[in-house]
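One letter stands for each residue in the lines below.
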Amino acid sequence: MTDPTPDQPLQTSEGGPNGPSPEAEGHLGAPSAAGTPSGGLGTRVRELLWKSRTSLMLLGMSLAVAAGLFFAMGAAHFYDIRFIISTFPQALSPTETALEFTTFTFVLGMFGAIGLGLVRAYPPKKVRRRSLVWRWPLYGFASGYVAAIRGTPFLVQMYVVFYILIFSYPTLTFGGWSVYYLAGFFALLINTTGYQTEAFRGGFQSVEAGQTEAGKAVGLSRFQVFVRVTLPQSFRLITLPLANEWISNFKTATILSYIGIFEIFFWARTDIAGHLGRNLEALVMLALIYLMVNVTVSRVVTWVEKVRRIPGLGVPIPEVALPKRLFGLGSRARQGRT
Amino acid sequence: MTHLSARGLKKSFGTLQVLKGVDLDIELGEALCIIGPSGSGKSTLLRCLNLLIVPDEGQVFLDNVLLTNPRIRPEWVRQQIGMVFQQFNLFTHLSATKNVMLGLRHGKKVSRAKAHEKAVFELNRVGLGSKLDAYPAQLSGGQQQRVAIARALAMDPKVILFDEPTSALDPESIHEVLEVMAQLAKERMTMAVVTHEMGFAREVSDRVVFFDAGKILEQGSPSEIFDHPAHDRTKSFMDKILR
Amino acid sequence: MTAVPTDLGRRSPPVPPPARVRAARPPFPSRSLRRAVPIGTGVALVGVAIYVIVGLLGFYGVGTLKTPLAFVLAAAVGAALSVGVVAARWLDPKWAGRILTWAVWKSVLQAVLAVFGGLVFLIGLGRLGIYRLGFAESQIPALLKGFYTSLEVVAVIIPLGFVLGFLVGWARTTGSLILRGFAAYYVDFFRSMPPIALIFFASLAAALALRNSGIDPYTAYLITQWVGVVALAFHTGAYQAEIMRAGILSVPAGQTEAADAVGISRIRTMFVVTLPQAFRISLPPLGNEFSSVIKDTSLLSVIGWFELSGTALNLVSEAGRPPESYLYGSIVIWVEAAFLYFVLTYIVTRTVRVVEDLFKVPGLEAAHL
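Values in this document were obtained by computation on a predicted structure and should not be read as measured data.

Colleague: Help me get a handle on the overall build of chain C, residues and values and all.
Modeller: If you tally the helices and strands in chain C, you get 12 helices and zero strands. Secondary structure elements of chain C, listed N to C terminal, follow the sequence α-α-α-α-α-α-α-α-α-α-α-α. Looking at chain C as a whole, 42% of its 369 residues qualify as buried. The long-range share in chain C, meaning contacts at least 24 apart out of those at least 6 apart in sequence, stands at 77%.

Pasting the structure below:
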C-alpha cells in the first residue's frame, strides 16, 4: 500500500495549509465536549452543568417548593413534624430491604430478559434451510411467558409462587432468607423479567437493519453482531423504559409486604400506623421515601439521556414545553417565535 | 486469472425473481462498474457476492475457492470481500476509529494496539486524520462514507464491493468519495462498483457491465459500452442517462 | 356620441346558493345489510359449532358451560348487527362501512375463539388429571362473582381516570405556568407512589375521618371502600395524563399553525385538529394502561373488596376444605384467578384494538410494540 502522501485529491476537504475549511466541518459543526477528549475534567463538568442549566434550575425550584410545603404543613400542625424527624431513621432498614429486592431482581432479570427478548425479537420464519424445529416451541414459551406476566396482576403471581414454594419446599432457607423472602424474591424476579423482555425486544427491533448488515459485512459472526452492535445500541435506545421498569419494580415490591417481607409499606402500615397509631405521619414518611427515590431516579435518567448520549443515537425525547426563559411565558409569547 | 467469479446466480424473493442466472468474472486488480436501471437487481447481485444474501442457485468463487460451500464460515468470506453501503451504515454508537477497529478486533481477533494503528492508518489514507474520535453524527455524508471505506480497507480484503456509494450524498460530497475510490483503483484494488456516476464509470473503471432485469445484458470496456452500445436497451439507457 | 353600454354596470342577476348536497343514502336493505348477513351468520355459526363440538367431547356438566352459551352469543351478535344496520340507515354511511368491516369482526371473533380455546384447553388439562377438575370447578362460581365485581370497579375507574388524565394532560401542554406546575406535581406524585399505599392510606384516612361523624357504619364502610377506588382512579389518571400529553405533543405544530392561518380559534383547533389525531396516536398506550388498571384493581382486596383477588383470598382461607388440599388447593384457586384476570385483560386490549380499527386513518397508525 502506498504511503498517504499529501495527495491533493484526497485531502481537499480537509483544507490546505490553513486546516479544515469551514464548509468541511460537518453538518453538526465542531464535535461536542462529549465526543472529544480535549479539555480537562473541570471544563467538561462546567460544560455539562451549563447544558443542563434548565433542568437544574427546575429541579432546584421543585425541591425548594416541596421542602417549603413540607415544613409549612408541619408548622401548621397538619402532622407532627418532630415525630417524623425522630422516627425517620427507623425507615433505613426496611428501605434497604426494598431497594435490595428491587435492584437484585432487576439486574438478575436483565439476563433472562435479554435472552427471552432475543427470542421474541426474531420470530422463527417458515423458510429455513436447516430444520431449526426447536425454535418454534422456544418462541411459543417466550411469548406465553410474557403474555402470562403482563396479563396478570403481581398480587396473583406472588401468591402462586408463594404457595408453590411452600408446598414444595416448606423449609427452604438461603443466606439468611426464609422461604417467605425467597418466594417474594422469585415472584418479583419472574415479574420483572417478563416486563424487561418486552423492553429489550423493542430495543433489538429498533436497531436499524443497516447496522446489523454492516456488522456482518465487516466479518463479525451473528453472535458478535448481536453483542457488539445490537446490544450496545439497544441499551441506549431503551434507557428510559428500563428506568421506568426499575421504578415500577420498586413500587411493585410494596405488595410483597403481604407475605410478610419487612419493607417500607409493611413498616409504615404496621409499626407506625398500626402500633403507634400515627397514620398521617406514616403516610407522609412513606410518601417522602417514594417521592425522593422515584423522582430522583427518573430525573437523573432523563438528564443522563439528554446530556450524555452520543449525538445521533437514541430516541429523541420530545422537547417538552419547557420555556427557554423562566419568565415571560404563555403560549402567546411562544407564538411570537417560530 | 479470474479472482472473483459467479456462475449461474439465481435469487427470488417470494414470487419475484430478482436474479435470473448471472455469470460474472472480475479479474485481479480490476475495477468493474455495474450500471443499469433501478430495481434491476444490482444490489442483490452485490450482496450475493459476499454472501449477505444467499443465492437460491449458483456458485461464487474467490480464487477458485467455492464460497457458497456451506462448510465455509460466512465471516471468513466477508473478511476477504469488503463492502461499502449506500447508506454508509456506520456504527452510530462508536467513534470513527472504533468503527474501523471493530471488524479487526472481533472478527480477525487482532490485538487492540495493532487494530488501532491500522485504523489510524486507514483513516489517514482516506483523508480523515483529523476526525479520528468523531462520532458518525458529527461527520458530513462524504466524511461518513470515507470512514466506511476506511472500515472496509482495514480488513485488507481481496475485493471491495461498493453499493451505490454516492447515491445518498449531496453533490459536493460525491466528489471527495469518488476521489478516494479513484485512488484505490489506481492502486489496483480489485473492486466492483454499482453506481450511477457515469463519469466515474467511464474514466476510472477497467470494465463496465450493463445489468438489466436480473441479467447481464452487455459488458465491455467503458468506451465500448458508453460510446458503442450493442443492445437497444443499453442504447436507450445511455440516451436517458447521458443527455 | 357612442352609446354607453348600459349593461356594464348592472349586476348580474342573483344566483341562488347551491342546494345543500347531502351524502346519498344507500337504499334499504343496503349494502351494509348485504355485508352484515354473511358476517353475522358466520360468527353465529362458529359459536354454535363450538358449543356442539365442546358438547360432543363430553365437556358438559362443567359449571358455567351449562348455559346455552352459543345461543347467547348468537343473540348478542344479532343484536349488534341490528344496531349496525340501523346505524347504516340513519347515520353517515361512512360509519356503517367501518363498523361492518371484516377487520372489526375478525378481532371480535379472534377474541371469542381465544377465550373458548383457552377454556377447552384448561378443561382438557383437568380431564387429563393434571389437577382435580372437581375442586377447580367448585371454585368457579365464587370466582366469577369476583370477576363481575372487578368488571364493575374497572368500569368506574377507567372513565374517571380518563377524564382526569385528559384534563391534567391537557393542562400540562397549555401556557399557564401555574396550571402546568400543578399538573406536573400531580403527575409526579401519583406516578411515584405505589398504588397499594394510595389505596390503603386513602381508605384509612376516610375511615378515620368518618369515625366520629354521625354517618351510620354501613354507609361509612361503603364510602371507605369507594375512596380506595377513587384513589386508584387518581393513580391511573396520572399515567393517562402522560400518555395524552405525549399524544397531543406529537401532533405536528404545523397543523395548528395551518388552522390558525385559516382563522380557526385556538380552542376549536384543539377539538377539531389536535384531539382527533392525538386520540388515535394515544390509543395503543392507553390500551396498555387500561390493562394496568385491571391489574391494579387486584390491590383493592387489601381494603376488603371482594373482587377477583379478594374472592380468591377468601376462598383460600376458607375453613371446611379437606386439609390435604390446603396448599394445593390454594395454588389451583390462584391459578384460576390468574386465568380470569388474563381473560379480562385480553378482552379489554382486544376492545381497544377494535376501537383502533374503527377509527383508523391511513398514515396515523401507531406501532404496536
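Colleague: Describe in detail the interface of chain A and chain C, supporting the description with residues and values.
Modeller: Taken together, the contact pairs 47 residues of chain A with 42 residues of chain C. Summing both sides of the interface, chain A and chain C together bury roughly 3,900 Å²; the carbon and sulfur share of this comes to 71%. Three residues, A:Y163, A:F167 and A:K251, lead the burial of chain A against chain C; their summed loss comes to 15% of the area buried on that side. As a salt-bridge pair, A:R299 and C:D188 come within 2.7 Å of each other at their nearest N and O atoms. Taken together, the links from chain A to chain C amount to eight residue pairs in polar contact (both at pLDDT 80 or more). Those elements that place two or more of their residues in the side of chain A that touches chain C are helix 3 (53-75), helix 6 (135-151), helix 7 (154-168), helix 8 (179-206), helix 12 (264-275), helix 13 (279-308) and helix 14 (331-336) of chain A. Per-element accounting of the side of chain A that touches chain C gives the leading share, 10 residues, to helix 13 of chain A.

Colleague: Summarise the packing of aromatic side chains; cite the residues concerned and give the values.
Modeller: Residue and element names in this part refer to chain C. Inspection of every chain in the model, using the stated rule, returns 29 aromatic pairs over all chains. When the centroid spacing of 5.6 Å and the interplanar angle of 35 degrees are considered together, the rings of F190 and F234 count as tilted. Here F190, found in helix 6 (residues 177-192), pairs with F234, found in helix 8 (residues 217-249); they are 44 residues apart in sequence, far enough to count as distant. Between F342 and Y346 the ring centres are 6.4 Å apart and the planes differ by 15 degrees, which places this aromatic pair in the stacked class. Of this pair, F342 and Y346 both sit in helix 12 (residues 326-358), four residues apart, which is roughly one turn of the helix.

Colleague: Now, about the pattern of salt bridges: what can you tell me, with residues and values included?
Modeller: Residues and elements named next belong to chain B. Going through the model one piece at a time under the given rule, you end up with 22 salt bridges over all chains. Notably, a salt bridge pairs R47 with D163, separated by 2.6 Å at the nearest N-O pair. Taken as a pair, R47 in helix 1 (residues 42-49) and D163 in strand 7 (residues 159-163) lie far apart in primary sequence, 116 residues in all. Classification of R47 by relative accessible area gives buried; the value is 13%. The residue R125 makes a salt bridge to E122 at a minimum N-O spacing of 3.3 Å.

Colleague: Could you give me a rundown of helix 4 (residues 112-125) of chain B, with the residues and numbers involved?
Modeller: Residue and element names in this part refer to chain B. Taking 1.5 Å of rise per residue, the 14 residues of helix 4 would be expected to cover 20 Å, and the 20 Å separating its terminal C-alpha atoms lies within 8% of that figure. Restricting attention to buried positions, one finds in helix 4 the residues A115, K118, A119, E122, L123 and R125. Seen end-on, helix 4 carries its buried residues on one side only, within an arc spanning 150 degrees. Pointing more than 90 degrees away from the buried face of helix 4 are the exposed residues A113 and E117.

Colleague: Could you give an account of the pairing of strand 3 (residues 31-35) of chain B, with specific residues and numbers?
Modeller: All names here are of chain B. Burial runs high along strand 3: five of the five residues are buried. Alternating positions in strand 3 separate into two faces, A31, C33 and I35 on one and L32 and I34 on the other, with burial throughout. By the bridge criterion, four bridges tie strand 3 to strand 9 (residues 207-212) in an arrangement that is parallel. Paired with I34 across the strands is V209, a residue of strand 9.

Colleague: Please set out the side chain of A:T105 residue by residue, giving values where relevant.
Modeller: Mapped onto the elements, A:T105 comes out in helix 5 (residues 92-121). With residues near it in sequence (within four places) discarded, A:T105 still touches A:E100, A:F185, A:L188, A:L189, A:T192 and A:N249.

Colleague: Give a detailed account of the environment of C:G254, specifying residues and quantitative values.
Modeller: Turning to its location among the elements, C:G254 is positioned in helix 9 (residues 253-262). With 41 residues separating them in the primary sequence, C:G254 and C:S213 have C-alpha atoms 56 Å apart.

Colleague: I'd like to hear about the sheet that holds strand 7 of chain B, residue by residue, with values.
Modeller: Residue and element names in this part refer to chain B. With mixed pairing, six strands are arranged side by side in an open sheet as 6-7-8-3-9-10. Both edges of this open sheet fall to strand 6 (81-84) and strand 10 (215-220), since each of them pairs with a single strand only. When strand polarity is set aside, the average angle formed by the axes of neighbouring strands in this sheet is 20 degrees. Where strand 3 and strand 8 (residues 190-194) come together, four bridges link them in parallel fashion. When the bridges of strand 8 are listed, L32 appears paired with A192. Across the sheet, helix 6 (residues 171-186) lies against strand 3, strand 7 and strand 8, angled at about 145 degrees from strand 8, the strand it touches most.

Colleague: Which residues make up the nonpolar core, and what values go with them?
Modeller: With 115 residues, the main nonpolar core has A:M158, A:L256, A:L286 and C:W334 as its most contacted residues. When sequence neighbours within four positions are dropped, the list of residues in contact with A:M158 reads A:A187, A:I255, A:L256, A:Y258 and A:I259. Core analysis: the second largest hydrophobic core is formed by 48 residues, B:A31, B:I160, B:V180 and B:F210 among them.

The rules behind these values
Residues numbered from 1 in each chain as written. Chains lettered and ligands numbered in written order. Predicted model: local features only at pLDDT ≥ 70, side-chain atom pairs only at ≥ 80, totals over all residues. Heavy atoms only, no water. Helix = DSSP H or I, 4+ residues; strand = E, 2+ residues; numbered from the N terminus. Buried < 20%, exposed > 50% of the residue type's maximum accessible area, 1.4 Å probe, protein only. Contact = heavy atoms within 4.5 Å. Buried area = accessible area lost by both parts, 1.4 Å probe. Salt bridge = Lys/Arg side-chain N within 4 Å of Asp/Glu carboxyl O. Polar contact = N/O pair within 3.5 Å; in protein donor to acceptor, adjacent residues only side chain to side chain. Phe/Tyr/Trp six-rings, centres within 6.5 Å; stacked < 30°, edge-to-face > 60°. Expected span 1.5 Å × (residues − 1). Arc of directions from axis to C-beta. Pairing = 2+ DSSP bridges. Axes fitted to C-alpha atoms, helices over the stretch in contact; angles between N-to-C directions. Core = buried A, V, L, I, M, F, W, Y, C linked by side-chain atoms within 4.5 Å.

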